[in-house]
Amino acid sequence: MSVKQSLVELPLDLDRQRIPRHVAVIMDGNGRWAKSRGFPRIIGHQKGVDALKSLLRCCDDWGIEVLTAYAFSTENWGRPTHEVEFLMTLFERVLRKELEEMMAEDVKIRFVGDLKALPDSLQAQIAYSMEKTANNKGIQFNVATNYGSRQEILHACKSIASEVQQGKIRVEDINEELFERNLYTGELINPDLLIRTSGEMRLSNFLLWQMAYGEIYVTPTLWPDFDREEFHQALLNYQQRDRRFGKIKH
Ligand code: IPE
Ligand code: IPE
Ligand code: MG
């Protein structure tokens, strides 16, 4: 197999010093992928799992520290019941099936979102996987499930307000750092790069606070077709960006 085909090592045209530490991904387009092939939407979700697994491995191979994937939004409950139920069952099945491999590859998995609203059996599987992988030292893999940024920000406001009410902190103590610690993403570094597949130019309620200075890359490719070469292109594009953070060059 040629180097270009395998892409196991970091491609030579990427600068190892400028690899994003945290990559986030909006895995969009599963339904369209399936529809274009005459399949029901759920087949697209199933294929989407394979794309996520290979992206996780690729991030690990190429030295990315954190991968955060948007799996289910707070707005996705508005989809037909059978699709929502399929997704919940899929998450649980995949999580159970992949745990052994995540342990072998030292992956630390964590879920971000309002987990209490998920089916009990999925919550139990989530808790088990997080506990089992808690001390793993490899890539940090976050799965945003029943995640909505507005809901996350409100949740943070409420917990901070309650600490003030109990006299644990003062209003003057509230700053960006404290606020950030109260988000579901907690102590995690903010994403350097957010990739959205299937061409939509929006955040869809994903990481609104955390993406204040993150770079956005949108590709028309549908999520199940997103592979190492696509990721390579995203990183090449990212490495050409001039991240100014509001400043100017001297
Ligand atoms: C993303 O693909 C997966 C989830 C939101 C769970 P979609 O299901 O949104 O696929 P499209 O956008 O309808 O093609
Ligand atoms: C965003 O995709 C949510 C996930 C990928 C989980 P959507 O398909 O739900 O977003 P919209 O509806 O196109 O904004
Ligand atoms: Mg979509």
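What you see as residue numbers is a count from 1 along each chain, following the sequence as written. Chains carry letters and ligands carry numbers; both start at the beginning, A for chains and 1 for ligands, and go up in the order they are written. Per-residue local features of the predicted model are confined to residues with pLDDT of at least 70, and side-chain atom pairs are confined, for both listing and counting, to 80 or more; whole-chain, interface and lining totals are unaffected and use all residues. Neither water nor hydrogens contribute to the side-chain values; these are computed over all heavy atoms in the structure.

Q: Mind showing me how you'd approach the site of ligand 1 here?
A: Residues are labelled near a given molecule or strand when at least one of their non-hydrogen atoms is within 4 Å of it. Residues in close proximity to ligand 1 include Met-27, Asp-28, Gly-29, Asn-30, Gly-31, Arg-32, Arg-41, His-45, Ala-71, Asn-76, Arg-79 and Leu-87, which together make up its full environment. Any N or O atom pair separated by 3.5 Å or less is treated as a polar contact, with the protein-specific requirement of one donor-capable and one acceptor-capable atom, and with residues adjacent in sequence counted only for side-chain atom pairs. In this structure, an oxygen atom belonging to ligand 1 sits 2.8 Å away from a side-chain N or O atom of Asp-28. In this structure, an oxygen atom belonging to ligand 1 sits 3.4 Å away from a main-chain N or O atom of Gly-29. Segments assigned H or I by DSSP are reported as helices when at least four residues long, segments assigned E as strands when at least two residues long, and all are numbered from the N terminus. Listing elements by their share of the shell around ligand 1, those giving two or more residues are helix 2 (30-36) and helix 3 (41-61). The element that contributes the greatest number of residues to the shell around ligand 1 is helix 2, accounting for 3 residues.

Q: Would you mind showing me how to read the site of ligand 2 here?
A: All residues in the neighbourhood of ligand 2 are listed as Ile-26, Met-27, Asp-28, Tyr-70, Ala-71, Phe-72, Asn-76, Arg-79, Arg-196, Arg-202 and Ser-204. Within the side chain of Ser-204, a nitrogen or oxygen atom sits 2.6 Å from an oxygen atom of ligand 2. When ligand 2 is considered free in solution it has 390 Å² of accessible area, and contact with the protein chains removes 78% of it. For the shell around ligand 2, the leading source of residues is strand 2 (residues 66-73), giving 3 residues. Every accessible area reported is derived by Shrake-Rupley at a probe size of 1.4 Å, with residue values counting cover from the shown protein chains alone.

Q: What should I look at first to understand the sheet that holds strand 4 (residues 140-147) in this one?
A: Strand pairing in a sheet relies on backbone hydrogen bonds, with the paired strands running either antiparallel or parallel. Strand order across the open sheet formed by 6 strands is 3-4-2-1-5-6, with parallel pairing between neighbours. Looking at the sheet topology across the chains shown, the edges are occupied by strand 3 (108-112) and strand 6 (215-218). Along the sheet, successive strands turn relative to each other by an average axial angle of 20°, direction set aside. Note on pairing: two strands pair once DSSP finds at least 2 bridges between them. Bridging between strand 2 and strand 4 involves 7 bridges; their strand directions are parallel. The partner of Val-66 across the bridge, within strand 4, is Gln-140. Its contacts with the sheet place helix 3 against strand 1 (22-26), strand 2 and strand 4, and it is angled at close to 160° to strand 2. For helices, the fitted axis covers only the stretch in contact; all axes are lines through C-alpha atoms, and the angles between them, taken along N-to-C directions, range from 0 to 180 degrees. Two residues form a contact once any of their heavy atoms are found within 4.5 Å.

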